[in-house]
Amino acid sequence: MISEFELTVGDVLTRDLFKNAKVVAGETGLKRQIKWTHILETEAFDSLINGSELILTTGINLELDNCATTTYERLLQKDVAGICIEKGPYFKTISTDIKRFADKHAFPIIIFEEVVRFVDITQDLHSLLINQHHQMLNQLSTLTHKFNELSLAPNGILKILQALHHYFGQHSLCLLEDSKSYYYPPESKIDQENILSYISTKLTNKRQSGIISIYNETFVIAPVFGLGQIWGYLCLNITKNLNEEFLLSVLDRASLAIAQILLRNRTIEERKLNSEDECVRTLLQGKPYNQSDLHTFLPVASTNLYFRVFIIKTESPDSVIGEDNWEEIKIQRTILIRSLFKHAGYFPAVSVRKDEIAIICSFIAETHVNKSTKQFLQVTKNLLSATLLNNKITYIGISGLHQNVSHISKGYAEANDVIYLNKQQLSTTYFHDEIGIYQILLPLQKDKQLQLFINDYIGELIFLDENSDSELLKTLEVYLACRGSKKEAAEKLFIVRQTLYHRLRKIEQYIGKDFMDPVKRLAIETAIKAYYILKNRHYLDNK
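Residues numbered from 1 in each chain as written. Predicted model: local features only at pLDDT ≥ 70, side-chain atom pairs only at ≥ 80, totals over all residues. Heavy atoms only, no water.

Caption draft 1: Here's a closer look at the nonpolar core. Formed by 64 residues in total, the largest nonpolar core has its most connected members in Leu-164 and Leu-383. Sort the elements by how many residues they give to this core and helix α7 (residues 244-272) lands first, with eleven residues. Dropping the residues within four chain positions of it, Leu-164 is found in contact with Phe-147, Gly-169, Ser-172, Leu-234, Leu-236, Val-250, Leu-251 and Ala-254. Ile-435, Tyr-438, Leu-442 and Leu-450 belong to the second largest nonpolar core, which has 37 residues in total. (Core = buried A, V, L, I, M, F, W, Y, C linked by side-chain atoms within 4.5 Å. Buried < 20%, exposed > 50% of the residue type's maximum accessible area, 1.4 Å probe, protein only. Helix = DSSP H or I, 4+ residues; strand = E, 2+ residues; numbered from the N terminus. Contact = heavy atoms within 4.5 Å.)

Right, dumping it as structure tokens:
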């Protein structure tokens, strides 16, 4: 049987020091919890009380026996457990109004008919409270040890649930997101749907343990954390009054033991799937692949199955990590990434390297929604905030939409193109679908015809800028971006309008006065973007 580890007003009345005490009002509040005692003999008590104290007083300076309920109202607002008053020169009796108030609010008022030593009461109750707290810590330590021991046993999660049921005599459940859930006893399963529905729709703080009420049933729940993510919830159905602090502490420790089981199981699973990394790299590089490996790691192709290649460039300091440490970090990152993508409804095949993480992200979608990027943006946000990757991600690139497995290497190239544009500050999007004209220009960067195109339209401006610091190309770029607004262009260039007019006249001398003509303007804007692509001669082609 569980000790309550909780002292109530009713418990106090059974102590020897209270044998001559009498409850004169608020008897329905005898179950109020006492966390400490406080001797109170001053009217200015608001800052002296924390809540749940049992107040001991002679009534001096408090005016407890007149008709006004003001002092009692203040005590009730401070959430004290109750008040014990010694009869004497400062207190004779309580009025009908005060009794009515105390009864209404279940606020116990206890009268000592004769003189008592408050110091003896304080010492007795404080010793009792400290002893209860010590007992609670001992029980908590014993249970924690048991949970850790069971976490190393076969079928450990179910055994932990059995231990919770044996100790509390209540139904226990472990509801997991990416694997099967557990229940003990078996009939506890009937609560699963109601709990999951409540968590997904009504639970405001999903990362905090607490007590919830569903269809007149009460549950205490604790999230099961792994690698900074919620993997599920541990739940205990409670049908009797139990100490809330103790309950939450026990469930937090049980959930930690379950998280250790899940992490260990996933680690073992990831070690078995090391060949997935090689398979993904083979597909990304467009090399011949084993068909059986493909079906092991990727879903079977269908008319509504699509994929994007998701690339994460990570910081270079990982390159100095020793191989033993790196293997553990690699497994943890793989588990985290797989969990995030699966949680979002995707089928990920993952390759984790020190400087790059690649995910072939498959998903099922109808034709009219398959280009949606909203869900990918949410996954990206979760990755950026993930503990294991926090401050490690430098760039992210996401390919266009594909269906044919033979296009995986193309998707890899597209994702890297997006990263290149972000590195060069030519784009801010994560998606290849959204890079616009660069979809055409990037594949042409090694084609001499592209350089000739640039020279035809803006070559002379480039030459002048390189030899005289004239900033004509930048001026033209901003002017076109401002749709010919001289005022806006001058402000963005931080120059006066006269300087802008002078530059525009020089630009006209070299590319013609008709540069705002729609066809020519489009060609010039394209040439400018192409020039910035070719400007960096150190572009690494990861295709």
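Caption draft 2: Representation of the pattern of salt bridges in the model. Tallied over the entire structure, the rule returns 18 salt bridges. Across the pair Asp-79 and Arg-32 runs a salt bridge, and its minimum N-O distance is 3.6 Å. Residue Asp-79 is located in the loop between α2 (70-77) and β6 (82-86), and its partner Arg-32 is located in the loop between β2 (21-25) and β3 (33-34); the two are separated by 47 residues in the primary sequence. For Asp-79, a relative accessible area of 43% puts it in the partly exposed group. (Salt bridge = Lys/Arg side-chain N within 4 Å of Asp/Glu carboxyl O.)

Caption draft 3: Up close: the packing of aromatic side chains. In this structure the tally under the stated criterion is 14 aromatic pairs. For the ring pair Tyr-167 and Phe-168, a centre distance of 5.1 Å and an interplane angle of 80° mean the geometry is edge-to-face. On the accessibility criterion, Phe-168 (2% relative accessible area) is buried. Look at Phe-310 and Phe-341: their rings are 5.2 Å apart centre to centre, the planes differ by 85°, and that puts the pair in the edge-to-face class. Pair noted here: Phe-310 is in strand β13 (residues 305-314) and Phe-341 is in helix α10 (residues 323-343), with a separation of 31 residues, a long-range link. Taken as a pair, Phe-310 and Phe-341 share a single burial class, namely buried. One aromatic cluster is present, built from ring pairs that chain together Tyr-306, Phe-310, Phe-341, Tyr-346, Phe-363 and Phe-376. Cation over ring: Arg-74 sits above Phe-45, and NZ or CZ is 4.0 Å from the ring centre. Across from the ring centre of Phe-376, 5.5 Å away, lies the NZ or CZ of Arg-308, which sits over that ring. (Phe/Tyr/Trp six-rings, centres within 6.5 Å; stacked < 30°, edge-to-face > 60°. Lys NZ or Arg CZ within 6 Å of the ring centre and 35° of its normal.)

Caption draft 4: Quick peek at unusual backbone geometry. Of the consecutive residues Tyr-184 and Pro-185, the connecting peptide bond is found in the cis state with omega at -10°. Summarising the element assignment, Pro-185 is placed in the loop between β9 (182-184) and α6 (192-201). Phi at Ala-106 is positive, roughly 50°, even though this residue is not glycine. When you line up the elements, Ala-106 lands in the loop between α3 (96-104) and β7 (109-112). The backbone of Asp-469 shows a phi angle near 55°, a positive value even though the residue is not glycine.

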